[in-house]
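# Analysis of the macromolecular model
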Amino acid sequence: MNKAVIVIWTAIAICRLAAAKEFVPFVIPAAAHPDSVIAYPYRPIDGEIRLSAREGHFYDGQGQPVRLWGVNLSFGANFPTHADAKVVAGRLAAAGVNAVRLHHMDSANWPRGIWDPNTGQNIYPEALDRLGFFIDQLASHGIYVNMNLHVGRKHSVHLGLPDSKQDMDKKVTIFTPALIDAQKDYARQLLGYENPYRHMRFADDPAVAMVEITNEDSLFMWDAAESLPNLPAYYAEILQGQYNDWLQKRYETTEKLRQVWSAGSEPLGANLLINGELKKSPAEGLPEGWFLEQHAGARANLAWIRWQEQEGLALEPVQISTAGWHLQFNQRQFPVKQGRAYTLVFEAAAAESRSIRVNIGQGHPPWRGLGFYQQITLSESWRKYPLCFTIPEDDENARLNFEFGDQMGPVYLRSIVLCPGASYELDAAESLEAGTVQIYSWSESQQRLTDRMIFYADTEKRFFDGMRSFLRNELGCQALVTGTIVFGPLGLYAQSDMDFIDAHSYWQHPHFPSQPWDPENWLIEQTAMTDHAEQAILWGLALSKLSGKPFTVTEYNHPAPLDSQAECVPIVASFGAGQDWDGIWIYSYSHSQDWTRNCLSNFFDIDSNPAKWGFMRAGAALFRDGGIPVLPVGKREIPSDLSQLATIQQKYKDSFLFVLQGPVLSLLENRAELSAEGQTQVLPPATGRDSVFSWDTNSAGKGIYQAKGKTSWVGVGHAGQFSEDTAPLIRLDQPEFAALTVTALDNQPLNLSSKILITACGRCENTDMTFRADRRTVGRDWGLGPVRIETVTGILKVPVGTGKGYALHPDGTIAGEVPLENGILRLEGKYKTMWYFLDRHNP
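Quick look at the structure, then. Keep in mind it's a predicted model, so treat the numbers as computed, not measured.

In terms of nonpolar packing, the biggest core is built from 182 residues, with Met147, Leu190, Leu191 and Leu471 touching the most fellow members. Top element by residues in this core is helix H9 (residues 446–474). It accounts for 11 residues. Excluding its chain neighbours within four sequence positions, the residues that come into contact with Leu471 are Leu149, Ala187, Leu191, Val211, Ile213, Gly476, Cys477 and Val481. If you look at the next biggest cluster of nonpolar residues, it comprises 37 residues, including Trp290, Phe334, Phe389 and Leu413.

In structure tokens, the structure reads:
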């Protein structure tokens, strides 16, 4: 891009972590100030601006394209008092928010949720009244509502059904008739409510622009491969019955099924593994040819033992984590061939019942799975496990992996054999006519596996299409409907007839080594996404789009207390604009009704976090107003042959994967298989001053991300990298890492704009926040208010012309003038702000 278009360049100063003296209080008030110079203008929502979806985007009733820039509200935050509702809606609108997602309403009884606290069965009247008034206030401030239906409600408990053993009844909600009926009943109660403040049902209100059927719920979701084979009998029998019905329509007879599923059987070959007997290596203390991998603080010991009268190798966890792969026992460097059948046989036991995961994957970066992944539940007795599978691609350096890092208790292994060849015969008890064909088998041909995955996809699509039809045709709901987020290519197929496609992602989500959501024992890896372009979560989001459908990201965050959390809003807003996404919601504005707190309270809430909330007004200019231009993108369509998608789903487990070449995304064959019309360009190959986007990392691993448009500029990263990429136009002072945006608030080119907001922030912490030595946790020591920001020091070249520069108070009003010296605006710690304002109307 020509420098005449972007005439603002920024100097971000460097400071080392020790420079805590540059932290200053920056508490953004709970109420919008009427004299704020940066408040976003809004228009109330009425019938003329009801959202519609066509040609892959959202439009209002006047045919104008609309992008949604939003936040989530969770649990009790969905039900503010009438007085608070006005204040919250006003503050959201002033920051440029035009959409909220009402999330986790169904997850608790009043006052944290929507259910009657006395019975837990019916919707509580006061919850509906407050919700109705809040929606009226949001609408009057130009804010659309995305209303979530099933999020946390475990309907099985309230219906007296057997325990599903699934968190929030996920997965079983998709195929269990009683649970589907319960979801419909809740939708009737909620969407059928006549809002006295809007004089219409929620189902008819143009402000209720979207409805989401169920949150993060899919037969292809993260834990599905582990949990679906181990469902409680009540749910397993329902699913197996539906599977046999599906197979009968496809194959008609057991004999036809046997012929197809047994294809590919072949005699067994030689063992591909070294030392399958697990004999000890005298030199290394490990079995020769085998490796023990330990990650994220997880630790294990190995010992040769005698258990149940058999010799074996004990894998004994000493410190576990939340992920099984944090402890791995594996062997690498053996070849596998595409389409070839293989048999893995091993003997295993445990001191007490526990599970492990066994998989075949790449023994080299990017460590992708190679189509085989199995959860095994071990007992105290030795048992032989014969597993047959087909490999979907060639690899000269494959890896057999046993994962055991998320549970205490030793695992005992002996006699491991992996060889080419397999027998794929049906079990003697399996009959299509009798309805006894099992969904899972130890011995599965490629076609058997493919059929199961297509069955899951058809089952999931039938559920979502049926729920959408119910909402539209039976309830008369006029809102746009989505099902859930995309879980890989078959998940995308299941969502393909929804009104829009959705996805979620988090960078460095906290993990909990001992138990889920332990407030004392948690960890966040202090890693900036800016420094790891090849691992950025944005690529997977970009690959979830579907041609002809609007695309949204309704949950996104870089959680506190990451040192780099200020990168969150500028990067996702600018990247989403370049990808032409249609909506972005940061998770979450608040989980409670404590609207006046002045400090960080948890990982996700942004209402009192200036490193996130302080960038929302800039984000509105970047994304909602299109401050960053749209890149040319290819198309993605669903192929008519679902076996193609099943192959990809099997290969990549539950997501689209990719490789990076430098800063440029290069898609693998999953991209080519999904679209014959060309590839999606996520980032162009150009880097440096004249490119729209650039993302570079130096030899020391320090990165810089930039996005440029006529009306906006984004820079995130290390000060030294800013210097290398834009020299000689910047000077370096502090801090070491920062995010900075320059946005025209009047949507004019920066060199013509009369209202320009500069937002700059380094780290963000509470007063007396106490990090452990590695800065990966604060435990319960979150500190107190006021919340503080690390100020940015440097210089900024401003457009030629008259005007004045100002530092702003946290309420958006003018704190004082910042002198402009020869076209240079100096950002300095003495101004105690993250907001600077250029007013070119004021000579």
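Moving on to empty space enclosed by the protein. On inspection of all chains with the given rule, the structure shows 2 cavities of 30 Å³ or more. Looking at the largest cavity, its volume works out to about 220 Å³. Lining the largest cavity we find 19 residues, and of these Ile28, Ala94, Ala95, Trp613 and Trp835 sit closest to its centre. Of all the secondary structure elements, the ones that give two or more residues to the lining of the largest cavity are helix H1 (82–94) and helix H14 (616–624).

This brings us to unusual backbone geometry. Cis rather than trans, the peptide bond between Pro365 and Pro366 has omega equal to 5°. With respect to the element layout, Pro366 can be found in the loop between strand S17 (354–362) and strand S18 (369–378). A cis amide bond, omega 5°, links Gly785 with the succeeding residue Pro786. Within the element layout of this structure, Pro786 appears in strand S34 (residues 784–790). Not every positive phi belongs to a glycine, and Lys171 is a case in point at roughly 75°. On the secondary structure map, Lys171 appears in the loop between helix H3 (155–159) and helix H4 (172–175). Phi is positive for Leu278, close to 65°, though the residue is something other than glycine.

With that out of the way, let us pick up the side chain of Thr459. Locating Thr459 in the fold gives a position in helix H9. We classify Thr459 as buried; its relative accessible area is 2%. Among the polar contacts made by the side chain of Thr459, one reaches the main-chain carbonyl oxygen of Phe455 at a distance of 2.8 Å.

Our focus in this paragraph is the packing of aromatic side chains. Scanning the entire structure with this criterion turns up 42 aromatic pairs. Both rings, one in Phe346 and one in Phe402, keep their centres 5.3 Å apart while their planes meet at 85°; by these two values the pair is edge-to-face. Taken together, the residues Phe346 in strand S16 (residues 341–350) and Phe402 in strand S20 (residues 395–403) connect sequence positions 56 residues apart. By the burial criterion, Phe346 is buried, and Phe402 matches it. An aromatic cluster is built from Tyr506, Phe512, Trp517, Trp522, Tyr587, Phe603, Phe604 and Trp782, whose rings are joined through pairwise contacts.

What follows concerns the packing of helix H5 (residues 177–191) against H9. The contact between H5 and H9 brings their axes to 11 Å, and the two run at 30°. If you check the angle between H5 and H9, you find them roughly parallel. Here the hand of the crossing between H5 and H9 comes out right-handed. Across the interface between the two elements, Ile180, Gln183, Lys184, Ala187, Arg188 and Leu191 of H5 pack against Phe463, Met467, Phe470, Leu471 and Glu474 of H9. Looking at side-chain class alone, the contact of H5 with H9 contains 7 nonpolar, 1 polar and 3 charged residues.

This part takes up H9. In this model, H9 (29 residues) spans 41 Å end to end at C-alpha, consistent with the 42 Å of a helix rising 1.5 Å per residue. One or two steps after H9, the chain reaches Gly476, where phi turns positive at roughly 70°.

Within the secondary structure, Ala707 is located in strand S29 (residues 703–708). Residues Ala707 and Thr741 lie 34 residues apart in sequence; the distance between their C-alpha atoms is 9.5 Å.

For sheets, the rule is that strands pair by backbone hydrogen bonds, running either parallel or antiparallel. Taken together, the 5 strands give an open sheet; going across it, the order is S12-S15-S20-S17-S18, and neighbouring strands pair in antiparallel fashion. Among the strands making up the open sheet, the edge pair consists of strand S12 (291–294) and S18. With direction set aside, neighbouring strand axes in the sheet form an average angle of 25°.

Calculation criteria
Along each chain, residue indices are assigned from 1 in the same order as the chain's sequence is written. Local features in this predicted model are restricted to residues whose pLDDT is 70 or higher, and side-chain atom pairs enter the listing and the counts only when it is 80 or higher, whereas totals over whole chains, interfaces and linings include all residues. Here the side-chain values reflect all heavy atoms present in the structure, with hydrogen atoms and water set aside. In this text, buried Ala, Val, Leu, Ile, Met, Phe, Trp, Tyr and Cys residues form a nonpolar core when linked through side-chain atoms within 4.5 Å. When a residue's accessible area, from a 1.4 Å probe over protein chains only, is under 20% of the maximum for its type it is buried; when over 50% it is exposed; and in between it is partly exposed. Here a strand is any run of E in DSSP of at least two residues, a helix any run of H or I of at least four, and the numbering for each starts at the N terminus. The contact criterion used is simple: two residues touch if any of their non-hydrogen atoms lie within 4.5 Å. As defined here, a cavity is a set of points on a 1 Å grid over the protein atoms alone where a 1.4 Å probe fits but cannot get out. A pocket is an open set with protein on both sides within 12 Å along at least five of seven lines, and residues line them when an atom is within 4 Å of a point. Grid points are joined across faces, edges and corners, and a volume is the space filled by probe spheres set on the points. Each polar contact in these results corresponds to two N or O atoms within 3.5 Å; when the atoms are within protein, one needs to be able to donate a hydrogen and the other to accept it, and residues that are neighboring in sequence are counted only if both atoms are side-chain atoms. Note on aromatic contacts: the rings of Phe and Tyr and the six-membered ring of Trp form a pair at centre separations within 6.5 Å, being stacked when their planes are under 30 degrees apart, edge-to-face when over 60 apart, and tilted otherwise. Fitting a line to C-alpha atoms yields each axis, with helices limited to the stretch in contact; the angle taken between N-to-C directions then spans 0 to 180 degrees. Throughout this description, any angle smaller than 35 degrees is read as roughly parallel, any larger than 145 degrees as roughly antiparallel, any in the 65 to 115 degree range as roughly perpendicular, and the remainder as oblique. We call a crossing left-handed when the near helix sits turned anticlockwise from the far one by less than a right angle, and right-handed when that turn is clockwise. When residue character is reported, Ala, Val, Leu, Ile, Met, Phe, Trp, Tyr, Cys and Pro are called nonpolar, Asp, Glu, Lys and Arg charged, and the others, Gly included, polar. By this rule, a helix spans an expected 1.5 Å times one less than how many residues it contains. Pairing between strands is defined by DSSP: at least two bridges between the two strands are required.

Limitation: the analysis is restricted to geometry and does not speak to function.
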